[in-house]
Amino acid sequence: MAMDNGLLKKVRKIEIKTRSLSHQIFAGEYHSAFKGRGMAFSEVREYQFGDDVRNMDWNVTARLRSPYVKVFEEERELTVVLLVDVSSSGIFGTTSKTKRELLAEIAAVLSFSASANNDKVGALFFSSKVEKFIPPKKGRSHLLRIIRELLEFRPQNQGTDISEALRFLTNAIKRKCTAFLLSDLMDVNGECRPNYEEALKVAVNRHDISVINIYDPVERNLPDIGLVRIKDAETSEQVWVDTSSKAVRDHYAKWGREVFQQTRVLFNKYKVDSVSISTDDDYVKGLIALFKNR
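Residues numbered from 1 in each chain as written. Predicted model: local features only at pLDDT ≥ 70, side-chain atom pairs only at ≥ 80, totals over all residues. Heavy atoms only, no water.

(A) Region of the structure containing the overall build of the protein chain. For the protein chain, the count of helices and strands is 8 helices and 10 strands. For the protein chain, the residues scored as buried account for 46% of the 294 residues in total. For the protein chain, long-range pairs separated by at least 24 residues make up 74% of all intrachain contacts whose partners lie at least 6 apart in sequence. Total accessible area on the protein chain is roughly 15,800 Å²; 49% of this is exposed by carbon and sulfur atoms. (Helix = DSSP H or I, 4+ residues; strand = E, 2+ residues; numbered from the N terminus. Buried < 20%, exposed > 50% of the residue type's maximum accessible area, 1.4 Å probe, protein only. Contact = heavy atoms within 4.5 Å. Areas by Shrake-Rupley, 256 points an atom, 1.4 Å probe, with all protein chains shown as cover.)

Dropping the structure here:
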């Protein structure tokens, strides 16, 4: 598929910037954070004091009537899949970047970091449906295809359904992979609870999932700018909001805190590593923090 000059320049620009970041900053952090997580069964041996009981091979233990454990060795390569939220809420932005632009740049950094460690990289673009799936592969041309799609992909649907993306991942990738969910996580019910708990519960049992939550600062604290008309990019619903009212701003902030708290509780429950990065943040610090906390 040929690219026009404007898109080609965008792709080259983001490649130069993110490849440099990947080699200079993230390669070592990425390797230490994720390389030990893809383990393949190698052999069994007799249990020794201090062995993790979670690695017990109960079938062999019962057969030989002596405790045996499974021994694993690090796989030479991982499969990395980027779950990229392309819903309409991503076009929002009040700083130098929209959420979608920041998300694309972070995804590109992760892609080059994975590639630098000889890992396969795939991408899944989702809105309220799975819009596109690029199976994991290696190679520069493959990475550039992912970046091109990150920059230019136009979804057919506007809403957000994270469960759809997680279920597709579980069904499409059979071997354990390292998956990054990149989203503003605008998928909650009326009680501020995430709608995707059941799908996440299943996915984390098969894959190693990390979450990168992208948000705009205005989404956490509504500014006092008078009477404004706000449009929901995903539903097209429009309402007038009096931002000069402290009660309105306080209610908005309380809702945002509750959503953040409920999401945090969910990730802690299933031991999912996550980081929140604002469109006016230095995402380098955020990603390094994510890697080091693993």
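(B) Spatial organisation of helix H3 (residues 99–116). Counted at 1.5 Å a residue, the expected span for H3 with its 18 residues is 26 Å, and the 26 Å between its end C-alpha atoms agrees. Positive phi shows up at Asn118, right after H3, with a value of about 65°. (Expected span 1.5 Å × (residues − 1).)

(C) Geometry of the packing of aromatic side chains. As enumerated under the stated definition, the model contains 2 aromatic pairs in all. Each ring, one from Phe125 and one from Phe153, has its centre 5.3 Å from the other, and the planes form 25°; the classification is stacked. Of this pair, Phe125 sits in strand E4 (residues 120–126) while Phe153 sits in the loop between helix H4 (140–152) and helix H5 (162–172); the two residues are 28 residues apart in sequence, bridging distant segments of the chain. Just as Phe125 is buried, Phe153 falls in that class too. Over the aromatic face of Tyr215 sits the side chain of Arg220, whose NZ or CZ is 3.7 Å from the ring centroid. (Phe/Tyr/Trp six-rings, centres within 6.5 Å; stacked < 30°, edge-to-face > 60°. Lys NZ or Arg CZ within 6 Å of the ring centre and 35° of its normal.)

(D) Summary view of the pattern of salt bridges. Per the counting criterion, the structure on display carries 9 salt bridges. A salt bridge links Asp52 to Arg54; the shortest N-O distance between them is 2.8 Å. In this structure, the salt-bridge partner of Lys132 is Glu149, at a minimum N-O distance of 3.9 Å. Of this pair, Lys132 sits in strand E5 (residues 130–137) while Glu149 sits in helix H4, placing them 17 residues apart in sequence. (Salt bridge = Lys/Arg side-chain N within 4 Å of Asp/Glu carboxyl O.)

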